[in-house]
Amino acid sequence: MDAVDAGLLAGRPPRAVFLPTASGPEGPERVDYWLRLGADHYRRLGAEPVPLAVLDRRDAEDPAFAAQVAGAGLVYLSGGNPGYLADTLRDTAVLDAILAAWRAGAALAGCSAGACALTAVADDTRSGITRPGLAVVPDLVVLPHFDRIERWRPGVVADKIDRLTPGQVLIGIDEDTALVSVPGGWRVEGQRRVWVLDASGGRSSHPAGSLLELLPAGSG
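Residues numbered from 1 in each chain as written. Predicted model: local features only at pLDDT ≥ 70, side-chain atom pairs only at ≥ 80, totals over all residues. Heavy atoms only, no water.

Caption draft 1: Spatial organisation of the sheet that holds strand S7 (residues 140–143). Spatially, the four strands line up as an open sheet ordered S7-S8-S11-S12, and their pairing is mixed. Every other strand in the sheet has two partners, leaving S7 and strand S12 (203–207) as the edge strands with one partner each. Taking the axes of each pair of neighbouring strands and ignoring which way they run, one obtains an average angle of 25° across the sheet. Direction of pairing for strand S11 (residues 193–197) relative to S12: antiparallel, over a ladder of five bridges. Considered in S12, the bridge of Leu 197 is made with Arg 203. (Pairing = 2+ DSSP bridges. Helix = DSSP H or I, 4+ residues; strand = E, 2+ residues; numbered from the N terminus. Axes fitted to C-alpha atoms, helices over the stretch in contact; angles between N-to-C directions.)

Caption draft 2: Structural detail: the packing of helix H1 (residues 2–9) against helix H2 (residues 28–44). Interhelical geometry of H1 versus H2 gives an angle of 70° and a closest axis separation of 10 Å. Viewed along their axes, H1 and H2 adopt a mutual orientation that is roughly perpendicular. Relative to H2, H1 is oriented so that their crossing is right-handed. Between H1 and H2, the residues in contact are Asp 2, Asp 5 and Leu 9 and His 41, Tyr 42 and Arg 44, respectively. Taken together, the residues of the contact of H1 with H2 sort by class into two nonpolar, one polar and three charged. (Parallel < 35°, antiparallel > 145°, perpendicular 65-115°, else oblique. Left-handed = near helix turned anticlockwise from the far one by under 90°. Contact = heavy atoms within 4.5 Å. Nonpolar A, V, L, I, M, F, W, Y, C, P; charged D, E, K, R; others polar.)

Caption draft 3: Examining the pairing of strand S10 (residues 185–190) more closely. Sheet analysis places strand S9 (residues 177–182) next to S10, joined by six bridges and oriented antiparallel. Looking at the pairing, Val 180 lines up with Arg 187 of S10. Hairpin connection of S9 to S10: two residues between the antiparallel strands, including Gly 184 at a positive phi of 95°. In this sheet, strand S13 (residues 211–212) lies alongside S10 in antiparallel orientation, the contact comprising two bridges. Each bridged residue has a counterpart across the sheet, and for Trp 186 the counterpart in S13 is Leu 212.

What follows is the structure, encoded as structure tokens:
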């Protein structure tokens, strides 16, 4: 994802704020893994890494954490539990700061749970309960790891299709692949494919470089 993140930072302040919030329930070792990964990644790209260890609602309401978002060129939400991430950030000072930075021109991105939480639906992977996402991109529902997810959670694709509401679009994103908001739609970047799935079970496949013009443009 070096090229994808470098593209998101291009023309923006070289300051990357990244949150391991979704991994909070997995314990300190997993949180530290995401923090190290983010710091090494953004340093390699020539950006200032700003780890933001927001792990619960108390952290998310902390004005000191919220203040660190200011001046970001990119805000990144890591992997873990989508439902926990969305519930932790919803209606908090940190989320307000993230959205303010995004509206001011920063890129907003997420991998796996981070990508799910930015859309309409954020499943809680521990309880199995479907939680509302943060709805930054309200018309999308994302299935990350699409080329592998049925091996981990058999039936998850059909279940997601059954639970789509009118106006929602289900997107499967393969590993090592991204869907990036650009003028006029969304562009597929990375090594594999993005899939658009409809309520009847049909699916279309889109390789890197494709522009999906029918999707509502939102965060990148």
